[in-house]
Every structure is written in C-alpha cells, then in structure tokens.
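The residues making up each chain are set out below.
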Amino acid sequence: MATRTAIVVGGGIGGLTAAVALRDKGWEVTLVERAPSLEPVGAGLALGPNALRALDTLGLGDPVRELAAFQGDAGIRRANGAWLSRTSAEAAAARYGDPTVLLMRSALVDLLTARLDRDAMLLGTPVTGVDPDLGTVRTEDGRELRADLVVAADGIRSAIRATAFPDHPGPEYAGVTAWRFVVDVDEPPMPSETWGRGLVFGVMPLAGNRVYCYMTAAVPAGASAPDGEKAEITRLFGTWHTPIPELVAKAGPILRNDVHHLRRPLPAMHRGKVALLGDAAHPMTPNLGQGACQAVEDAIVLAHEVTGGGGLEAYSAARLPRTSAIVKQSAGIARMTRLSNPLVVAARDAAIRAVGLLGPTALLRQGDAAFLWTPPGTAG
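Note that the structure is predicted; figures quoted are calculated from it, not measured.

### With respect to the overall build of the protein chain
Then step 1. Within the protein chain, the regular secondary structure consists of 13 helices and 19 strands.
Then step 2. Its C-alpha atoms put the protein chain at 65 × 50 × 40 Å along the principal axes.
Then step 3. Evaluated residue by residue, the protein chain yields a buried proportion of 54% over its 380 residues.
Then step 4. Contacts in the protein chain between residues far apart in sequence, at least 24 positions, make up 72% of those at least 6 positions apart.
Then step 5. In the structure as shown, the protein chain presents an accessible area of about 16000 Å², 53% of it carried by carbon and sulfur atoms.
Then step 6. Between the averaged position of the 37 positive side-chain charges in the protein chain and that of its 38 negative side-chain charges there is a distance of 6 Å.

Written out as structure tokens, the structure is:
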C-alpha cells in the first residue's frame, strides 16, 4: 500500500502537532514554513485538560506536565485586589483529571520539533499558492509540491483560507488590543485575572520563577502608544493592586497586537484536499485560553479521521460545531471585559461574585464545554 503524503503549511503549535500526529500514523509529512527558523511567536501558553489529553495520544502529555507550572489556586479579581471568584488546582484536577498547566510556548515547540525529521522541514519557504482540488502547493522559490492532503495551519491571516473560501469575510476586530510580556521574579504570585473598566490584567506563573503577564484594553484598532508600550500599560494598570505595578515595572520586551476573531464560522473546515486548523480555521479571542488547545485538538482529530475515520468530511463534522461554539463563548467573555460604564461594570462584578459564592467548582463549570473533551478512539 502506497504511503500517503501530507504537506503542512505553517510551523506554529497547530501545524507542528498535525505534522507529528500524521507522521505517527504513517504519513510522509513535509512541513513548509515561511520563517527561517521555528522560533515561537508569543510568550506563555495555557494548556487545558482537553489539550493535555490530546497530547497524551502522541506521548507528549506527561513531558508537557513535567515542563509546566501548574496553575494552583486562581480566580478573578477587581482592580483593588478584592476577589470576585476563586477556584483551585485541586478542584480542577478532580473535575477534569488535570488542572490547566502553564508553560513557555517555546517549550512545547521544542517537544514537537524533536519528533520531526529536519529533512522534512522546508524553512524560509513562503507559500505563494495552493490548489485545493489538486492538492498542490506552490512556493516562492518556484517549486510545486503535491500531496494527498494539504494542512492549512498558516495562521489568522491565512491565505489558504482566502483561497478555499473566497466569499467569506474573514476575521474581524474583537474590540480589544492585547499586550504580553514575561518577567523573572523572586517568588511567583498567585495566578489571577483582574477585571476593570474595559481592562484586564492576567498573571500566569511559569516554571523557573517566571511570570507571563497579559493585558487587554478596549481601544480602537490600529492604535499605538506615542511614548512606548511600557508607558501605555503603566498608565492603564500602574495603580492596580499588587503585584501588577511591580510586574509592569519589570517588563522588558512587550508584544502588542489587536485581537481578531472569526465571528462568522466557515462553512466547513476543509475544501478538496485542504484541511484548515487552528487560527486558519477559527481564530478566537484569548479569554478562554483555548486558542492553542483547539489547534491541538484539530490536529489530533484530523490525523484520526484522514487515516482510519471518515476523511475530511468527518473532520469538518467533528470540529466545526465545537470550535464555533468555543469561538462564540470566548467572544462573549471578551464583550464582558470591554464594559466600561460604572453601573454596568458593578452589575457584571456582582454577577461574577454571585457565581463564586456557589463554591469552588462554580467558576470551573464555565469551562465544561471546553475541558470535557476526549480524543477520538480513547476512553471517555
């Protein structure tokens, strides 16, 4: 029986996971990435129990757990430090089998690339065109590659998505801009997410006494700070509760990007011989921490369906309803964080506090739709 071939376009978390999953099922895989090296973009990464179960199918769940910082007690706070809702790692583990674990994105990239042959990677190779019906990929250096399957993992501005679904409007601005940075600390603080009026500040401890910080603000798209991003986030968050001002003061390089999401789902997650996954298929706001998790899920389900399941139609049928629901849920939380009217914000905070008073699992239950998932072919 001839070996089936796949071309994965994009070397992010979703593309790398797909390459490993397909290779493990006997496919001959070529990874095509426009960047000259697989240096991860971003800083910290949250992997929920659903993503850890997906990685377990590749034998990578436990190595990730060993590298990661467990979330521990966590919750939502006000700008003055008062807790609105709290939960614990123990409650998460009891409900889902694992808490959410936190690690540097580079650590997961290294684990995935170690499972791939360097000769199977075409780095520094931009893709200029894809024919979904023929399964051909054209590159900037004049090559034309052909495969039984083309995996579009080329990110939120996916050119392959635009080719496969030219009438779809694509991602739109979600109403918030995000900042991210990582700092070293003597003692990691408790993880938390603090909500203000149109503002959010997240604190995620990482292994090795490092902290990943992320912020969002409801500002117009395309804006920039005239005196630098550190000055901007200092103005926005410098008077908030400890340790936020101290973390901002330590910030070095700061990443800033407008947040976009796919408010209108695609009609399918495949066309012809092309399968879309991750941000190419369903970009979402970061509020559920499910962007990378859903890309990992996509990759595992795709490898299962195209190898011994129902093919690309079954892949779309399995993934499109789930990812569309999670995109919608995450966008709903983003809308709550954008609220700025004092009376409306007070009502929002009171509602969150009321949920928190129901016990440590009340906040957790909001994650059931995302976390209560098992990979195909495994026990539920």
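### What to know about the sheet that holds strand β18 (residues 270-271)
Then step 1. Taken in spatial order, the 6 strands of this open sheet run β8-β2-β1-β12-β19-β18, and their pairing is mixed. Edge positions in the sheet fall to β8 (121-122) and β18, since each of these pairs with one other strand and no more.
Then step 2. Pairing analysis gives 4 bridges linking strand β1 (residues 5-9) to strand β12 (residues 149-152), with the strands arranged parallel. Counted as the bridge partner of A6 is L149 from β12.
Then step 3. Lying on the sheet, helix α1 (residues 13-24) is in contact with β1, β2 (28-32) and β12; it crosses β2 at an angle near 165°.

### Structural notes on the sheet that holds strand β11 (residues 144-146)
Then step 1. An order of β9-β10-β11 is seen for the 3 strands of this open sheet, with the pairing classed as antiparallel. Strands with a single pairing partner mark the edges of an open sheet, and in this sheet they are β9 (127-131) and β11. Strand-to-strand twist across the sheet, computed as the mean angle between neighbouring axes with direction ignored, equals 20°.
Then step 2. Both strand β10 (residues 136-139) and β11 contribute to a ladder of 3 bridges, which runs antiparallel. What sits directly across from V137, in β11, is L145.

### Re unusual backbone geometry
Then step 1. Geometrically, the link from T242 to P243 is a cis peptide bond, its omega value of 10° lying close to zero.
Then step 2. Relative to the helices and strands, P243 resides in the loop between α7 (229-237) and α8 (244-250).
Then step 3. Although it is not a glycine, N209 sits at a positive phi angle of roughly 55°.
Then step 4. Accessibility expressed as a relative area gives 35% for N209, which makes it partly exposed.

### Remarks on the nonpolar core
Then step 1. If you look at the biggest cluster of nonpolar residues, it comprises 72 residues, and the most contacted ones within it are L22, L47, V64, L108 and L149.
Then step 2. Once you skip the residues sitting within four places of it in the chain, V64 turns out to touch L47, L52, L55, V101, L103, L108 and L111.
Then step 3. Grouped together as the second largest cluster of nonpolar side chains are 19 residues, W179, M215, I244 and A251 included.

### Let's talk about the pattern of salt bridges
Then step 1. Applying the stated criterion across every chain yields a total of 18 salt bridges.
Then step 2. Between R235 and E232 there is a salt bridge, with the nearest N and O atoms lying 2.7 Å from each other. Taken together, the residues span about one helical turn, with R235 and E232 both in helix α7 at a distance of 3 residues.
Then step 3. The exposure class of E232 is buried, given its relative accessible area of 16%.
Then step 4. Among the charged side chains, a salt-bridge network with shared partners connects D56, D62, R65 and D98.

### Quick look at the environment of T128
Then step 1. Mapped onto the elements of the fold, T128 is located in strand β9.
Then step 2. On the accessibility criterion, T128 (53% relative accessible area) is exposed.
Then step 3. Distance from T128 to P205, taken between C-alpha atoms, is 40 Å for residues 77 residues apart in sequence.
Then step 4. Contacts of T128, omitting those with residues within four sequence positions, involve R138, T139 and E140.

### A short note on α1
Then step 1. In this model, α1 (12 residues) spans 16 Å end to end at C-alpha, consistent with the 16 Å of a helix rising 1.5 Å per residue.
Then step 2. Among the 12 residues that make up α1, 10 are buried, leaving the element largely enclosed by the rest of the structure.
Then step 3. Within the span of α1, buried status applies to I13, G14, G15, L16, T17, A18, A19, V20, A21 and L22.
Then step 4. Check the buried side of α1 and you find it contacts β1, β2, α5 (105-113), β12 and α9 (291-308).
Then step 5. Just downstream of α1 lies G26, where phi reads positive at about 95°.

### Points about the packing of aromatic side chains
Then step 1. Inspection of every chain in the model, using the stated rule, returns 4 aromatic pairs.
Then step 2. Pairing F201 with F237 gives two aromatic rings, centres 5.3 Å apart and planes at 70°, and the pair type is edge-to-face. Taken together, the positions of F201 in strand β15 (residues 199-206) and F237 in helix α7 put the pair 36 residues apart, joining distant regions of the chain.
Then step 3. The class for F201 is buried, based on a relative accessible area of 0%.
Then step 4. Ring geometry for Y212 versus Y214: centroids 5.9 Å apart, planes at 45°, classification tilted. Comparing Y212 with Y214, the two get one shared label, buried.
Then step 5. Within the aromatic cluster, the residues linked to one another by ring pairs are F201, F237 and W240.

Basis of the calculations
- Residues numbered from 1 in each chain as written.
- Predicted model: local features only at pLDDT ≥ 70, side-chain atom pairs only at ≥ 80, totals over all residues.
- Heavy atoms only, no water.
- Helix = DSSP H or I, 4+ residues; strand = E, 2+ residues; numbered from the N terminus.
- Buried < 20%, exposed > 50% of the residue type's maximum accessible area, 1.4 Å probe, protein only.
- Contact = heavy atoms within 4.5 Å.
- Areas by Shrake-Rupley, 256 points an atom, 1.4 Å probe, with all protein chains shown as cover.
- Lys, Arg positive; Asp, Glu negative; His and termini not counted.
- Charge placed at Lys NZ, Arg CZ, Asp CG, Glu CD.
- Pairing = 2+ DSSP bridges.
- Axes fitted to C-alpha atoms, helices over the stretch in contact; angles between N-to-C directions.
- Core = buried A, V, L, I, M, F, W, Y, C linked by side-chain atoms within 4.5 Å.
- Salt bridge = Lys/Arg side-chain N within 4 Å of Asp/Glu carboxyl O.
- Expected span 1.5 Å × (residues − 1).
- Phe/Tyr/Trp six-rings, centres within 6.5 Å; stacked < 30°, edge-to-face > 60°.

Spatial relationships are all this shows, so hold off on functional conclusions.
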